[in-house]
Amino acid sequence: MLSLYHAPDLETLGLLACRLLAQPQVDVLAPARVVVPGQGIGRWLALLVARVQGIAMHLEVQLPASFL
């Protein structure tokens with residue numbers, strides 16, 4: 001399922017992503033897939049998730065071209 005989220009700034013989107021990634025998934029062995037516009041933002045998001053939740057594991061960060 002594809003969900004698209006908009007926010008006025010990157011920090012708000014990052015905190016929303018942390019809140020969404022903290023919810024339990026249907027398949028616990030499947031990685032959480034996040035599509036980001038660039039590798040730098042993907043790395044920043046992984047670091048933010050690790051800082052907020054204490055750990056960032058099983059997180060699959062993809063660019064839009066590889067997602068399609």
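Each remark here, short or long, concerns the structure printed above.
Here the structure is a predicted model, which means the values were calculated and not measured. (Residues numbered from 1 in each chain as written. Predicted model: local features only at pLDDT ≥ 70, side-chain atom pairs only at ≥ 80, totals over all residues. Heavy atoms only, no water.)

Enquirer: Honestly, the overall build of the chain in this entry has me stumped. Any pointers?
Expert: In terms of helices and strands, the chain carries three helices and two strands. The globule rule puts the C-alpha radius of gyration for 68 residues at 11 Å, and the 12 Å found for the chain is close to it. C-alpha extents for the chain along the principal axes are approximately 30 × 30 × 20 Å. In the chain, of all internal contacts separated by at least 6 residues, the share reaching a separation of at least 24 is 71%. Looking at the chain as shown, the accessible area adds up to about 5,200 Å², and 63% of this sits on carbon and sulfur atoms. Once the 4 positive and 4 negative side-chain charges of the chain are each reduced to a mean point, those two points are 4 Å apart. (Helix = DSSP H or I, 4+ residues; strand = E, 2+ residues; numbered from the N terminus. Rg over C-alpha atoms; globule rule 2.2 N^0.38 Å. Contact = heavy atoms within 4.5 Å. Areas by Shrake-Rupley, 256 points an atom, 1.4 Å probe, with all protein chains shown as cover. Lys, Arg positive; Asp, Glu negative; His and termini not counted. Charge placed at Lys NZ, Arg CZ, Asp CG, Glu CD.)

Enquirer: What exactly am I supposed to notice about a nonpolar patch on the surface here?
Expert: Together, Leu2, Val35, Phe67 and Leu68 line one region of the surface with nonpolar side chains, adding up to about 450 Å² of accessible area. Assignment of secondary structure puts Leu68 in the segment after helix H3 (64-67). (Patch = residues over 30% accessible without salt bridge, like charges linked within 9 Å, V, L, I, M, F, W, Y side chains within 5 Å. Salt bridge = Lys/Arg side-chain N within 4 Å of Asp/Glu carboxyl O.)

Enquirer: Explain the packing of helix H1 (residues 10-21) against helix H2 (residues 39-53) here, please?
Expert: Packed helix pairs are characterised by how far apart their axes lie and by the angle those axes make with each other. Interaxial distance between H1 and H2 falls to 10 Å at its minimum, and their mutual angle equals 60 degrees. It follows from the interaxial angle that H1 and H2 lie oblique. Once H1 is placed against H2, the crossing between them reads as right-handed. Contacts between H1 and H2 involve Leu10, Glu11, Gly14, Leu15, Ala17, Cys18 and Leu21 from the former and Ile41, Trp44, Leu45, Leu48, Val49, Val52 and Gln53 from the latter. Broken down by class, the residue content of the contact of H1 with H2 amounts to 11 nonpolar, two polar and one charged. (Axes fitted to C-alpha atoms, helices over the stretch in contact; angles between N-to-C directions. Parallel < 35°, antiparallel > 145°, perpendicular 65-115°, else oblique. Left-handed = near helix turned anticlockwise from the far one by under 90°. Nonpolar A, V, L, I, M, F, W, Y, C, P; charged D, E, K, R; others polar.)

Enquirer: Explanation requested: the nonpolar core in the structure shown.
Expert: As a rule of thumb, soluble globular proteins bury nonpolar side chains together. Ala17, Cys18, Val34, Val36, Leu45, Leu48 and Val49 together form the largest nonpolar core, which totals seven residues. Broken down by secondary-structure element, the contributors of at least two residues to this core are H1 and H2. Broken down by element, this core gets its largest block of residues, three residues, from H2. Not counting the four nearest positions on each side in its chain, Val36 is found in contact with Ile41, Gly42, Leu45, Val61, Gln62, Leu63 and Pro64. (Core = buried A, V, L, I, M, F, W, Y, C linked by side-chain atoms within 4.5 Å. Buried < 20%, exposed > 50% of the residue type's maximum accessible area, 1.4 Å probe, protein only.)

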